[in-house]
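Fold and geometry: a report
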Amino acid sequence: MHTSKKTLAGLGLLLVIGLAVSSCASEAAPGATPEKLVLVTHDSFNLSEGTLAKFTDETGIEVQVQASGDAGQLVNSLVLTKDSPLGDVVFGIDNTFASRAVNEGVLEDYASKDLTDAEEQYLLPAGSGREQLTPIDNGDVCVNVDHEWFAEAGIEEPTTLDDLVSPEYKDLFVTPAANSSSPGLAFLLATIAAKGEDGWQDYWTKLVDNGVKIDAGWSDAYYVDFSGPSSDGDRPLVVSYASSPPAEVTEGATEAPTGALLDTCFRQTEYAGVIAGTKNKAAAEKLVDFLFSPTVQNDIPENMFVFPVNAEATLPATWAQFAAIAENPFEVAPDEIDTNREEWLTEWAAIATP
Amino acid sequence: MADRVGGDRHPVISRVGVRPAPSTVIAIVLGAGLPLAFVGVFFAWPVGAMVARGLFADGMLDLSGFAEVLARPRTLRLIGLTISQAALASAVCVILGLPIAHVLYRLRFRGQRMLRALVVLPFVLPTVVVGVAFRTLLREGGLLGSLRLDGTFAAIMLALVFFNVAVVVRTVGTTWEGLDQRQEEAARVLGAGPVRVWFTVTLPRLAPAITSAASIVFLFCSTAFGVVLVLGGTRFGTIETEIYLLTTQFLDLRAASVLSVTQLVVVVAVLLVAARARGTRTAQRRVDSARSGRAPRLGDLPNIAVTLVVAAFLALPIVALLLRSLRTADGWGLGNYLALGTTGSRNALVVPVWTALGNSLVIAVQATAIALVIGLAASLVISRRPRSAGLRRSLAGFDGVLMLPLGVSAVTVGFGFLITLNTPPFDLRSSPVLVPIAQALVALPLVVRTILPVLTGIDGRMRESAAVLGSPPWRVLRDVDLAIVGRPVLAASGFAFAVALGEFGATSFLSRPDRPTLPVVIFRLIGLPGGDNFGMAIAASVVLAGVTVAVIALVERLRVGTMGAF
């Protein structure tokens, strides 16, 4: 019975494909390229045109990019397809999901040979991903502030997490939810790092008492409730990225209308790695090296709105001018995040969204 | 397809025979084979595999998860919320939808078809964008801020009604349009007042359509995902949002499987109700809809008032989007639309929005072709009325299977694709054909529901006389079935096309970054900081809405009563 069902299915499939993809058939024409890699990544992956072509020029290896949802979906996809990997190289595993990927054994041992001491700060701890993951970019999730609103209101801007719970800033703060948004989760982790495993619950109770607004997603918070130039909202404090202010600068302006509060940041680092089970490990390693090379690294800020990690990369002019980097961002060890994610999110939901 | 199978010239005199003619059986088996294979490979297998991952531990079926997960207070609360949300929304949709159906389908006035097309619009708009538009209206300081609805249960209700009132309007409206009015007239002549006529004559005859529509709205509402997430402000959730959370955040497949099965049980139950209601509806005699309308009268005022208020409510978020799309950093203007030819501010996109629209159109055409072939084969088979009760029952079950994709979480389907379609001949995970296939799966129920009622409406005697006069079965199929179904097929294509254009859930899992669709691009733009990118996202949504309305309005010209009716 099993076989007959499959034959039937095959028959139907052939018909359907014949009908549907005649236009795509030419794509699959046998070319001369000997090697081909599939780069599995998240939806936000973006490089300017021709960047990946440079890799093909240098090595003769063609790269096909395959998106797989957001960062969480990406890692879960790799875990679910362990027996029959989706591709050869993955980019976009961040420090909040790194531990899951490493513990599930979905990665080969390889970290770019081009890493130097200058990138030490981005490396994962030994035994927890250092051997498998190469840092590619990083961005800080920070509370953003609408300078113009505070100037007009004549109130001093807050600077720390503690300020957010002071009565002066009642009803002024909006954040995306930790359980449905990755910047939301990053902000929760910042508060956990700042207040400790036993203190953050109390902090969040105070935040709620002080009128924090919790939206489902980042775009909701940023474009509906934030008072910044991009929206009509009335809350001048929002959880976003440290790289958001440069995006708000209009041409020719000398000052950004918004800014990031650098004492409230959680650092997200994104990594690349070779997927376990690849048939082309040598080529896959070359692609990881390429993602870490200045060619890609220089291209990252303008395309993915995050900072390159390679010390040799150069920043675009507006970034050098308007994008700030937190000196002491909050951090939580990837292992700890992986172990406690469910418990933290459940506790958080009980406090923040009763 | 099935048409060449009945090679024997034996006339199908089914009225006399107790058993169905062999050719009918073969045609049914083959005609059902293609759709079943399609739904089996691209829906049942992936979803089944995902659910099995959660329920099998070390090769052993472990059902203890059910007791454990279903006993969690959070799960119970979410199931309760899902059901009450969906039930209430269905009730509101019916209460508001009936007067509108009357106005749009029983009366005749200028601009009526445009209004009918507009009612469908919310159905195909990207939920993220609509969510943001709604919240812009409802938030404090927004146009409707004084109602203090932001983040409340009422806000979710508004959005659910916004998206689904069209289902009631179309389903009930098209039935109503086809009702023979002489019964009402007779009752009135005999002295019954309008209220009494409505409750004793009209309502009973509309009841099957109402039940059918209400159950489909219930289905859509209980699986609504994005809109509940955005408008519920995280305080509200559904089984669907919980499956998403469990799968993507916690990778708790066991709990996710339990909830998927629970959801499936609810969905199947609702589909059974819908199928039962539809079954009685086909018994209605239909009149030519072109002659059933009349000019509005004074007594229609309450209905017209309701229609106007609801139309304004439907238009509000759309107008808000339109206005926002015309606002740029330098004031009012077409800047956001001009930007659609670029890759966005600071290189936000890989391809310009127009290119993405092109991709969307091509992919939607492919999806439509697939949905049409499968849907037509399925409808031809389901429309048969074999003598054998067993065969009839299996056909009804088959009908239900085709509707199931409407009721299963996109996350489950998406991950299911990844873990099943991974070995030849089904190694399709990174293949571009998966996107149109996923969209076709979503459009398929709409195609079947548009074509099937027309086919079942064909008098069986037409086929029999053609057969008796010596036509071989394939000619009967061509000259009777396919000739009559031509227009509905065209209408179904249009509707499937519009739905495929707007599909996002499954597409986001499968899309190739170098060939993004319009909804994927909109989603990306709305996720980036900077007012210009947001403006572009809104402008792109307006374009998507515009193309959709144009397609639906064209289809409306075909005057196929069943389009978009369930």
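As shown above, the structure is provided for reference.
Notes on the structure follow. Just so you know, these numbers come straight off a predicted model, no measurement behind them.

Conventions used here
Residues numbered from 1 in each chain as written. Chains lettered and ligands numbered in written order. Predicted model: local features only at pLDDT ≥ 70, side-chain atom pairs only at ≥ 80, totals over all residues. Heavy atoms only, no water. Helix = DSSP H or I, 4+ residues; strand = E, 2+ residues; numbered from the N terminus. Buried < 20%, exposed > 50% of the residue type's maximum accessible area, 1.4 Å probe, protein only. Contact = heavy atoms within 4.5 Å. Patch = residues over 30% accessible without salt bridge, like charges linked within 9 Å, V, L, I, M, F, W, Y side chains within 5 Å. Areas by Shrake-Rupley, 256 points an atom, 1.4 Å probe, with all protein chains shown as cover. Salt bridge = Lys/Arg side-chain N within 4 Å of Asp/Glu carboxyl O. Lys, Arg positive; Asp, Glu negative; His and termini not counted. Charge placed at Lys NZ, Arg CZ, Asp CG, Glu CD. Disulfide = S-S within 2.5 Å. Phe/Tyr/Trp six-rings, centres within 6.5 Å; stacked < 30°, edge-to-face > 60°.

To continue, consider the side chain of Thr247(B). Positionally, Thr247(B) belongs in helix 10 (residues 239-250). Judged by relative accessible area, which is 2%, Thr247(B) ranks as buried. Ignoring anything within four residues of it in the chain, the contact list for Thr247(B) reads Asn76(A), Met50(B), Leu253(B), Ala256(B), Val411(B) and Phe415(B).

Another point: a positive patch on the surface. Residue and element names in this part refer to chain B. Taken together, the side chains of Arg385, Arg387, Arg392 and Arg393 present a region of like positive charge at the surface. The residue Arg387 is located in the loop between helix 14 (353-382) and helix 15 (389-403) in this model. Relative accessible area serves as the criterion here: at 41%, Arg387 is assigned to the partly exposed category.

All names here are of chain B. For the structure on display, the rule yields 1 disulfide over all chains. Distance from the sulfur of Cys93, which forms no disulfide, to the nearest cysteine sulfur (Cys221) is 5.9 Å. Residue Cys221 is classed as buried on the basis of its relative accessible area, which comes to 0%.

Turning next to the environment of Ala216(A). Within the element layout of this structure, Ala216(A) appears in the loop between strand 6 (213-215) and helix 9 (218-225). We classify Ala216(A) as buried; its relative accessible area is 3%.

Turning our attention to the packing of aromatic side chains. The geometry of an aromatic ring pair is captured by two quantities: the separation of the ring centres and the angle between the planes. Counting across every chain of the model gives 20 aromatic pairs over all chains. Taken together, a centroid distance of 5.7 Å and an interplanar angle of 65 degrees make the contact between Phe45(A) and Phe91(A) edge-to-face. Taken together, the positions of Phe45(A) in the loop between strand 1 (35-41) and helix 2 (51-59) and Phe91(A) in strand 3 (residues 89-94) put the pair 46 residues apart, joining distant regions of the chain. Taking relative accessible area as the criterion, Phe91(A) reaches 1% and is therefore assigned buried. An angle of 85 degrees between the planes, with centres 6.3 Å apart, marks the rings of Phe162(B) and Phe313(B) as edge-to-face. Of this pair, Phe162(B) sits in helix 6 (residues 153-177) while Phe313(B) sits in helix 12 (residues 301-325); the two residues are 151 residues apart in sequence, bridging distant segments of the chain.

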